[in-house]
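Each chain, letter by letter, is given below.
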Amino acid sequence: MNRNANDRYRILDRYILMKYLKTFLLAMALIIVIVITFDVSEKLDDFLGNHAPVGEIILNYYGNFIPQFVNMYSPLFIFISVIFFTSKMAGNTEVIAILGSGISYKRLLRPYMHGSIIVAIIVFLLGNFVLPTTNKGLDEFEKTYIKTIRRSYYSSLHFQPQKGVQVFAEGYDTRQHSASYFQRDTYDQDLKLVERFSAQNIQNVDSADLWDCRGVVRHTFVPEESMQRIDFSEEHLKLLPEDFDEASTNITTLSTPKLISHIKKEKLRGSGAVVQSKIELYQRLLNPLAIIIMTLIGVAISSRKTRGGIGMHLAIGISIAFGFIVFMKISTVFAINGSLMPFLSVLLPQALFGLAAAYLIKKAPK
């Protein structure tokens, strides 16, 4: 009897798991084809105008675009896939037959959980180990063949290149390697201001730390206060052009270990980019949970046979998915504006919809 029960469970698990994975892969493949078709029509002028080779377009652009799309929209298409095939099972009274055979609702969820964990692991590996590399290739392609006009000027820079030093600049030109209205404040261990060096303009001389400085004012506070004005001087500022160019760093191209190092460096610099970098890190770590949550919500909604059938389930499911996406965007905006911690901005939508999933599973007909 136990052997027959185990065989029945294995058949059920294999049946639902195969439906889960096949429906998801088919839905994702179809939408990727549609998205690529529209993207080609939109960017065709850029490809032709900038003489992008066909091989580069296929391999370096769309070959790198597909992993990014899969990683970003997997929770949504898992959700739609679960609703689609589970509604069909419910409409064909398969769910009623399964439950009527003595299999509990909790046991019915097991293959769904197995499938969601498989996809979540794949998405986690994509986001943390594959996407940084593919995003780098995608970024290079876009700079070469699509976004050919590159940003060369950054304004209102403020960072800490090393401990006890604060740097301010009204603007920085990446082409000329020059900063306007530059100021460097140096502090001692007690955070007491030791020196303030300012210049109307500085320009890098040899890509090292030597800079041509014009309109210099050197204000010293220790051991006694003094001020010196110089029209022009060459100064070793212990700054490199790359220190000013951190604002152009594309954090999506950094591997997770490098992203963690980047966050530590930006904290030291006192940069406002820390929040965005933290959000990127926490999204990589926590977003795979959305696949499990969306699976549970999808099963709870679609396992009941209703008069509206698949159409009604899809309408409810898309509304919930839309709410989830909007909530994630809103929480991210609050984090960027400083009203919410970056970790909470990523965790809060997951936790709220996780509770919703637990409630819907509890209330689902069994």
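Residues numbered from 1 in each chain as written. Predicted model: local features only at pLDDT ≥ 70, side-chain atom pairs only at ≥ 80, totals over all residues. Heavy atoms only, no water.

(A) Examining the environment of serine 180 more closely. In this structure, serine 180 sits in strand β3 (residues 178–187). Along the sequence, serine 180 and isoleucine 80 sit 100 residues apart, while their C-alpha atoms lie 53 Å from each other. (Helix = DSSP H or I, 4+ residues; strand = E, 2+ residues; numbered from the N terminus.)

(B) Structural context of helix α2 (residues 54–91). Helix length check: α2 (38 residues) gives 46 Å between terminal C-alpha atoms against 56 Å at 1.5 Å per residue, more than 12% under. Of all bends in α2, the biggest is about 60 degrees, found at tyrosine 73, and the proline proline 75 comes one to four residues later. Threonine 93, located one to two residues past α2, shows a positive phi value of around 60 degrees. (Expected span 1.5 Å × (residues − 1). Bend = angle between axes of the 7 residues up to and from the residue.)

(C) Looking closely at the pattern of salt bridges. Overall, the coordinates contain seven salt bridges when judged by the stated rule. With a shortest N-O distance of 2.8 Å, aspartate 13 and arginine 107 are connected by a salt bridge. With aspartate 13 in helix α1 (residues 2–49) and arginine 107 in helix α4 (residues 105–146), this pair connects stretches of sequence that are 94 residues apart. Overall, the relative accessible area of 11% leaves arginine 107 in the buried class. (Salt bridge = Lys/Arg side-chain N within 4 Å of Asp/Glu carboxyl O. Buried < 20%, exposed > 50% of the residue type's maximum accessible area, 1.4 Å probe, protein only.)

(D) A look at the pairing of strand β4 (residues 193–204). As paired elements, β3 and β4 share nine bridges and run antiparallel to each other. Its bridge partner being in β4, arginine 184 is matched across the sheet by phenylalanine 197. From the end of β3 to the start of β4, which pair antiparallel, there are five residues, and leucine 191 there has a positive phi angle of about 60 degrees. Pairing geometry for β4 and strand β5 (residues 210–220), over eight bridges, is antiparallel. The residue of β5 that forms the bridge with phenylalanine 197 is arginine 218. (Pairing = 2+ DSSP bridges.)

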